[in-house]
Amino acid sequence: MAAIKKPRGFAVFLFVSYLLLLFYFLFFSEGFGRTQLREDYQYNLTPLHEIMRFIQYRHILGFRAFIINIFGNVIAFMPLGFFLPQISKKKKNGFQIVFSCFLVSLLVETLQLVSKLGSFDVDDLLLNTLGGLLGYIVYLIFHKLAKRKTKRKG
């Protein structure tokens, strides 16, 4: 029984570390312009608007901005989809995990809007939720491989 709790405890530790790092990058990182308060509220409520803008103007905005905006939002939320089923006391299905990732993303976007450290962007909701889904898929793959490995030993 203790052997089962140790990996879960380690997963909880990694999850909390991830959340702290995510919180730092989303609200305090100078590299992402999070230390400058904005006077006005910035938001995008049109799905795919900012994604298409970054794709269309990637040569003007720069490769770094394109990668960070499009892939960074996906990658940033992959650990959430990966760790949630590991630390949950109840077994959660894929819909619950993805919906939880969406809710966390919505909370982040709302906090960015209210704090004026960032902007509310519906495209970020889509990309972050996609990241959560991909993280959950990676979890399923690892879980299946671990089960297969355990079967061979047993």
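The rules behind the values
Residues numbered from 1 in each chain as written. Predicted model: local features only at pLDDT ≥ 70, side-chain atom pairs only at ≥ 80, totals over all residues. Heavy atoms only, no water. Patch = residues over 30% accessible without salt bridge, like charges linked within 9 Å, V, L, I, M, F, W, Y side chains within 5 Å. Areas by Shrake-Rupley, 256 points an atom, 1.4 Å probe, with all protein chains shown as cover. Salt bridge = Lys/Arg side-chain N within 4 Å of Asp/Glu carboxyl O. Lys, Arg positive; Asp, Glu negative; His and termini not counted. Charge placed at Lys NZ, Arg CZ, Asp CG, Glu CD. Helix = DSSP H or I, 4+ residues; strand = E, 2+ residues; numbered from the N terminus. Contact = heavy atoms within 4.5 Å. Buried < 20%, exposed > 50% of the residue type's maximum accessible area, 1.4 Å probe, protein only. Phe/Tyr/Trp six-rings, centres within 6.5 Å; stacked < 30°, edge-to-face > 60°.

What should I look at first to understand a positive patch on the surface in this one?
A cluster of basic residues, Lys-91, Lys-144, Lys-147, Arg-148, Lys-151 and Arg-152, forms a positive patch on the protein surface. Mapped onto the elements of the fold, Lys-91 is located in the loop between α4 (63-87) and α5 (94-115).

Where do I start with the environment of Leu-45 in this structure?
The residue Leu-45 is located in the loop between β1 (43-44) and α2 (49-56) in this model. On a C-alpha basis, the gap between Leu-45 and Asp-121 in space is 6.4 Å, while along the polypeptide they are 76 residues apart. Once residues within four sequence positions are removed from consideration, Leu-45 is found in contact with Phe-120 and Val-122.

Can you help me understand a nonpolar patch on the surface in this one?
Nonpolar side chains collect at one region of the surface, where Leu-130, Leu-133, Leu-134, Ile-137, Ile-141 and Leu-145 lie side by side and expose about 470 Å² of accessible area between them. Summarising the element assignment, Ile-141 is placed in helix α6 (residues 122-153). According to the relative accessible area criterion, Ile-141 is partly exposed, its value standing at 47%.

Looking at this structure, how should I read the packing of aromatic side chains?
Given two aromatic rings, their pairing is described by the distance between the two centres and the angle made by the two planes. Evaluation of the coordinates by the stated rule reveals 13 aromatic pairs. The interplanar angle of 70 degrees and the centroid separation of 5.4 Å between the aromatic rings of Tyr-24 and Phe-25 together place this pair among those described as edge-to-face. Tyr-24 gets classed as partly exposed once you look at its relative accessible area, which sits at 41%. Geometrically, the ring pair formed by Phe-99 and Phe-102 is stacked, given 6.3 Å between the ring centres and 25 degrees between the ring planes. Taken together, the positions of Phe-99 and Phe-102, both in helix α5 and three residues apart, correspond to about one turn of that helix. Classification of Phe-99 as partly exposed rests on a relative accessible area of 42%. Overall, Phe-102 belongs to the partly exposed group, its relative accessible area being 30%.

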